[in-house]
Amino acid sequence: MATNMQRAWREIAGAGALKSKLVILLYRMSTLWRSRNPLAKLLGLPFVILNKLIAECLFSVEIPHHARIGYGLKIFHPHAVVIGRDVVIGENCTLRQGVTIGNVTHRDGRTSASPVLGNDVEFGANAVVIGAVTIGEGATIGAGTVVTKDLPAGAVAVGAGFRVLSSRGDA
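Q: Help me understand the packing of aromatic side chains, please; the structure alone is not making it clear to me.
A: The relative placement of two aromatic rings is captured by the distance of their centres and the angle of their planes. Counted by the stated rule, this structure contains 0 aromatic pairs. Note that Arg28 overlies the ring of Tyr71, its terminal NZ or CZ placed 4.3 Å from the centroid. The lysine or arginine in question, Lys41, covers the ring of Trp33, its NZ or CZ lying 4.4 Å from the ring centre.

Written out as structure tokens, the structure reads:
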């Protein structure tokens, strides 16, 4: 546990702006709520609440304590960041404003599995990864890119391509 605390403090010290430091601190401290140790669980409860109030309500950054995120997380310009509760993120990952990582909820109410990201994955602003996908180590997801398929290690995904499924005709 002492090693994890040291890694968390190094992560927070290197996080950059005060807002980033606070968001990461609140996430790390709220993960104490997952502990089996009753004392640690009790210490984590206020941070779960503060994470909701400050990170989510004030900064619009949703990183639930259920998410599994490796150390070395960097969040540049933390605003409108959404990470699903079952997401797994490796170490030394970088997120920018507007990033969304989560599952897909289908019209019939079914939900997909959440993404699993390797180490050293980097996201551009407003990038989205949704569904049961795996992102390999060292992958880069460019600004505004929507990823719905697996990416191999070291891949670079860019672009906002789309396809028309139906058209109502000329208006």
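Q: How do you make sense of unusual backbone geometry when you look at a structure like this?
A: Trans peptide bonds make up most of the peptide bonds, and negative phi angles are found at most residues other than glycine. For Ala80, which is not glycine, the phi dihedral falls at a positive 60°. Relative to the helices and strands, Ala80 is located in the loop between strand S3 (74–75) and strand S4 (81–83). Looking at Ala80, the relative accessible area reads 33%, which means it is partly exposed. We note that Asn92 has phi near 60°; this positive angle belongs to a residue other than glycine.

Q: Just checking my understanding: could you explain the sheet that holds strand S2 (residues 68–69) for this structure?
A: Within a beta sheet, neighbouring strands are joined by backbone hydrogen bonds and run either parallel or antiparallel to one another. If you trace the 4 strands from one edge of the open sheet to the other, you get S2-S5-S8-S11, paired in parallel fashion. Looking at the sheet topology across the chains shown, the edges are occupied by S2 and strand S11 (134–135). As judged from the 2 bridges shared by strand S8 (residues 116–117) and S11, these two strands associate in the parallel manner. Its bridge partner lying in S11, Leu117 is registered against Ile135.

Q: In this structure, what is going on with the sheet that holds strand S13 (residues 146–147)? I would like to understand it.
A: With parallel pairing, 5 strands are arranged side by side in an open sheet as S1-S4-S7-S10-S13. On the outer flanks of this sheet lie strand S1 (61–62) and S13, each paired with one strand and no other. For strand S10 (residues 128–130) and S13, the ladder comprises 2 bridges, and the chain directions are parallel. Looking at S13, one finds that Val129 is bridged to Val147.

So, how was this worked out
- Residue positions within a chain follow its written sequence, with the count starting from 1.
- Per-residue local features of the predicted model are confined to residues with pLDDT of at least 70, and side-chain atom pairs are confined, for both listing and counting, to 80 or more; whole-chain, interface and lining totals are unaffected and use all residues.
- Side-chain descriptors were evaluated using all non-hydrogen atoms of the structure, hydrogens and water having been removed beforehand.
- In summary, the pairing rule links any two rings of Phe, Tyr or Trp, Trp by its six-membered ring, whose centres are within 6.5 Å, and it sorts them by plane angle into stacked for under 30 degrees, edge-to-face for over 60 and tilted for everything else.
- Any Lys NZ or Arg CZ found within 6 Å of a ring centre and within 35 degrees of that ring's normal is scored as a charge over the ring.
- Working definition: helices are DSSP H or I runs of at least four residues, strands are E runs of at least two. Numbering for both runs from the N terminus.
- Throughout this description, buried means an accessible area under 20% of the type-specific maximum (1.4 Å probe, protein chains only), exposed means over 50%, and partly exposed covers the range between.
- By definition, two strands form a pair when at least two bridges between them are found by DSSP.

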